[in-house]
Amino acid sequence: MEYNLADLFESVVDVVPDREALVYVDHPGTGAERRLTYAQLDAAANRIGHHLLDSGVRPGEHVGLHLYNGVEYLQTVLGCLKARIVPVNVNYRYVREELVYLYRDADLVALVFDAEFTDRVAGALPQAPMLRHLIRVGPEAEGAAAAALTAVPYAEAEAGGSPERGFPARSGDDQFIIYTGGTTGLPKGVMWRQEDLFFAGLGGGAPTGEPVKKPEELAERVAAGGSGITFFPTPPLMHGTSTLTAFIGFHFGQRVVIHRKFVPEEVLRTTEKEKVTSISLVGDAMLRPLVDALEGPMRGTDCSSVFSVSSSGAIMSDTVRRQFQALLPHAMLLNNFGSSESGFNGTATQDAGPERGFRVRVNSRTQVVDPVTHEPVRVGEPGRVAQRGHVPLGYYNDPVKTAETFFEKDGERWVLLGDMATVDEDGVVVVLGRGSQCINTGGEKVYPEEVEQALKSHPDVYDALVAGVPDPTWGNHVAAVVQLRTGAPRPSLEDIQTHCRGRLAGYKIPRRLVVTDSIRRSPSGKADYRWAREVAGGAER
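These numbers come from a predicted model, not from an experiment.

So, how was this worked out
Residues numbered from 1 in each chain as written. Predicted model: local features only at pLDDT ≥ 70, side-chain atom pairs only at ≥ 80, totals over all residues. Heavy atoms only, no water. Helix = DSSP H or I, 4+ residues; strand = E, 2+ residues; numbered from the N terminus. Buried < 20%, exposed > 50% of the residue type's maximum accessible area, 1.4 Å probe, protein only. Areas by Shrake-Rupley, 256 points an atom, 1.4 Å probe, with all protein chains shown as cover. Lys, Arg positive; Asp, Glu negative; His and termini not counted. Charge placed at Lys NZ, Arg CZ, Asp CG, Glu CD. 1 Å grid on protein atoms, 1.4 Å probe; cavity = no way out; pocket = protein on both sides within 12 Å on 5 of 7 lines; lining within 4 Å. Points joined across faces, edges and corners; volume = space filled by probe spheres on them. Nonpolar A, V, L, I, M, F, W, Y, C, P; charged D, E, K, R; others polar. Right-handed = clockwise from strand over helix to strand, strands pointing away. Phe/Tyr/Trp six-rings, centres within 6.5 Å; stacked < 30°, edge-to-face > 60°. Lys NZ or Arg CZ within 6 Å of the ring centre and 35° of its normal. Contact = heavy atoms within 4.5 Å. Polar contact = N/O pair within 3.5 Å; in protein donor to acceptor, adjacent residues only side chain to side chain. Salt bridge = Lys/Arg side-chain N within 4 Å of Asp/Glu carboxyl O. Pairing = 2+ DSSP bridges. Axes fitted to C-alpha atoms, helices over the stretch in contact; angles between N-to-C directions. Core = buried A, V, L, I, M, F, W, Y, C linked by side-chain atoms within 4.5 Å. Parallel < 35°, antiparallel > 145°, perpendicular 65-115°, else oblique. Left-handed = near helix turned anticlockwise from the far one by under 90°.

**Q** In this structure, what is going on with the overall build of the protein chain? I would like to understand it.
**A** In terms of regular secondary structure, the protein chain is built from 17 helices and 27 strands. When its C-alpha atoms are laid out on the principal axes, the protein chain stretches across 65 × 55 × 50 Å. When burial is assessed residue by residue, the protein chain has 60% of its 541 residues classed as buried. A total accessible area of about 21400 Å² is found for the protein chain, and carbon and sulfur atoms account for 50% of it. Considering the protein chain, the positive charge centre built from 56 side chains and the negative charge centre built from 69 side chains are found 3 Å apart.

**Q** For this particular structure, what's the right way to read unusual backbone geometry?
**A** Outside of glycine, negative phi angles account for most residues, and trans bonds account for most peptide bonds. One non-glycine residue, R84, lies in positive phi territory at about 65°. R84 sits in the partly exposed class, given a relative accessible area of 29%. Residue H374 is not a glycine yet carries a positive backbone phi of 65°. Structurally, H374 can be placed in the loop between β17 (366-369) and β18 (383-388).

**Q** Even after reading the chapter, I still don't get empty space enclosed by the protein, so can you show me in this structure?
**A** Applying the stated criterion across every chain yields a total of four cavities of 30 Å³ or more. As for the second largest cavity, its lining consists of 13 residues, of which Y73, N89, F176, I177 and T243 are closest to the centre. In terms of residue class, the lining of the second largest cavity is built from ten nonpolar, three polar and no charged.

**Q** Where do I start with the layout of surface pockets in this structure?
**A** Take a probe with the size of a water molecule and roll it over the atoms, and the empty space left behind shows itself. A volume near 460 Å³ is recorded for the second largest pocket. Lining the second largest pocket we find 27 residues, and of these R93, F262, A285, S522 and P523 sit closest to its centre. Of all the elements in the fold, those that place two or more residues in the lining of the second largest pocket are α12 (283-295) and β25 (461-471). Among the elements that line the lining of the second largest pocket, the one with the most residues is α12, at five residues. Looking at the lining of the second largest pocket residue by residue, the class counts come to eleven nonpolar, eight polar and eight charged.

**Q** Could you clarify how one ought to interpret the pairing of strand β11 (residues 255-259) in this entry?
**A** Side chains on a regular strand alternate between the two faces of the sheet. Burial analysis of β11 places five of its five residues in the buried class, which makes it a mostly covered element. Taking every second residue as pointing to the same face, both faces of β11 are buried, with R255, V257 and H259 on one and V256 and I258 on the other. Handedness of the crossover joining strand β10 (residues 230-233) and β11 through helix α10 (residues 240-251): right-handed.

**Q** Explain the packing of aromatic side chains to me, please; I cannot follow it from the model alone.
**A** A ring pair, where both rings are aromatic, is described by two values, the distance of the centres and the angle of the planes. Scanning the model with the defined rule gives 14 aromatic pairs in all. When the centroid spacing of 4.8 Å and the interplanar angle of 70° are considered together, the rings of Y3 and F199 count as edge-to-face. Residue Y3 is found in the segment before α1 (5-15), and its partner F199 is found in helix α8 (residues 194-200); the two are separated by 196 residues along the sequence. Ring plane angle 10° and centroid distance 6.1 Å describe the contact between F231 and F252, whose orientation is recorded as stacked. One end of the pair, F231, is in strand β10; the other, F252, is in the loop between α10 and β11, with 21 residues separating them in the sequence. Between the NZ or CZ atom of K261 and the centre of the ring of Y68, over which it lies, the distance is 4.5 Å. The aromatic ring of Y462 is capped on one face by R288, whose charged end is 5.5 Å from the ring centroid.

**Q** Can you walk me through the environment of E116 in this structure?
**A** Here E116 lies in the loop between β5 (108-114) and α5 (118-124). Residues E116 and S342, spaced 226 residues apart in sequence, show a C-alpha to C-alpha distance of 33 Å. Dropping the residues within four chain positions of it, E116 is found in contact with Y68 and R260. A polar side-chain atom of E116 sits 2.6 Å from a polar atom in the side chain of R260.

**Q** Can you help me understand the pattern of salt bridges in this one?
**A** Side chains that carry opposite charge are capable of pairing whenever their charged atoms lie near each other. Using the criterion set out here, one finds 39 salt bridges in the structure. Across the salt bridge formed by R193 and E195, the nearest N and O atoms sit 3.3 Å from each other. Looking at E195, the relative accessible area reads 21%, which means it is partly exposed. If you follow the salt bridges from partner to partner, you end up with D7, E10, D14, D42, K82, R165 and R170 in one network.

**Q** How should the sheet that holds strand β27 (residues 512-515) be read in this particular structure?
**A** The strand order β25-β26-β27 describes an open sheet built from three strands, whose pairing is mixed. What marks the edges here is a single partner per strand, and that holds for β25 and β27. Strand-to-strand twist of the sheet, defined as the mean angle between neighbouring strand axes without regard to direction, takes the value 25°. One ladder, built from ten bridges, connects β25 with strand β26 (residues 475-484); its direction is antiparallel. Across the sheet, A467 pairs through a bridge with A479, a residue of β26. Helix α15 (residues 448-456) contacts β25 and β26 of the sheet and is inclined by roughly 140° relative to β25.

**Q** Sorry, what's going on with the nonpolar core here?
**A** Nonpolar side chains in soluble globular proteins generally cluster together in the buried interior. Core analysis: the largest hydrophobic core is formed by 106 residues, its most contacted members being L5, Y103, L111 and F250. Per-element tally for this core: the top contributor is helix α3 (residues 71-82), with seven residues. In this structure, M286, L290, L294 and L333 belong to the second largest nonpolar core, which totals 26 residues.

**Q** Would you mind going over the packing of α1 against helix α2 (residues 38-54) with me for this structure?
**A** Two quantities define a packed helix pair, namely the angle between the helix axes and the distance between the axes. Their axes nearest at 9 Å, the elements α1 and α2 cross at an angle of 140°. As judged from the angle between their axes, α1 and α2 are oblique. Both α1 and α2 take part in a crossing whose hand is left-handed. Counting all contacts with α1, which are made through F9, E10, V12 and V13, the residues of α2 involved are Y38, A39, L41, D42 and N46.

Printed below as a string of structure tokens:
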């Protein structure tokens, strides 16, 4: 047995086959749900894995998952891993041209898609010549696009596949590809060896404890422990963090709950009903609606079972964290820091916020280095966050970007992340922000995340993004794109500037304010900075 995700999952199934593994709640309000034990989920994954092999998909080839959250998503991921096929996440918000790029860049040979996306799939398919096998989840859509597609219904594919295992031996070298969101550029496929992903992204079977020392130890720990923990990844599973959270739950032999889509009121209802203990989300875009629901229509919901709420991929601002903590003082809030390229790097300190910055206690594999020499920076000196050891193989189909991002040093492989940071006297890393989003104004560097935190502490601001706008004098100036709270009066630029002056240096104060009905983010809650720049650049002062 190796550190292979399918092997590890099967080892857990064998010790707790009758324990509930997965609870799925369909569209909010329908009351429809599915519950699968570990044995049932294992057999279901076997069926789809065998169907893919029987349909001519070969080990090592890539299968796209163009799906909302559902049993089929995790079932297909597991089925692919069992068959040594590589699952590839597809952003379900993509339109035809974006899908053409991803289908082709990822060399997809098969696609599992929700029926709602039939028109988009049909539009992209003629330009993706390698894509030869389609599986449709849900009833066939009407119209010419649906008639032009030859797709196997998922239920038929599942029924035709063997429920037994019977797969060839697997390896820790088998790959798992996570495509980045593409909110700051074209999406890139991060290629992980499963053994590396197990330790870097899944904590070696114990994200808050001691990693296992041998593959067999994972099931031994599950057999020796009990049940009672329920993980609830609320973002889309096509966001890598959510899928990894589900696997963390499986590696503990515990229960995982998923919703088709994020609806805050339904999240709270399910939390109360299923006695959820651990919720994962993405920043304020998800935490703030939960706060609003708890303060409003869902006031009194029993969330006493919740032990932790963790964010990855975006920061939970100090303001919203305080509001949530007042409502659920017993719950621990974790601002986790990581990426598709590194897995988990560390957790923010309790005093992280607009005044002291986003301060992170990182693990032993993470350093801040000079991006050219790759040597550790001195205290207070800016550099790039880097991680060594269990890191990806590179970017799929992009040797140039791989060479820019991955390097070897002292006999170890490293990945150089896009985040700029400094290190203080206590060894705490202060994350400044993504280098690609840094605004250079009059020679000074401004990182949007810092300004966004200050903006979100304004009582009338619901959400905010910050971008640089060309300026003939300073090169660029800081522009704020804000969404106001319902019913809040429209603030002036002077109001916003006055609020920020007590929190930010003068050169970081927004010089332009754009008020918009809503802030555009990815389905997982990540910021769309390309959109923010377009909106800010096209507005008047």
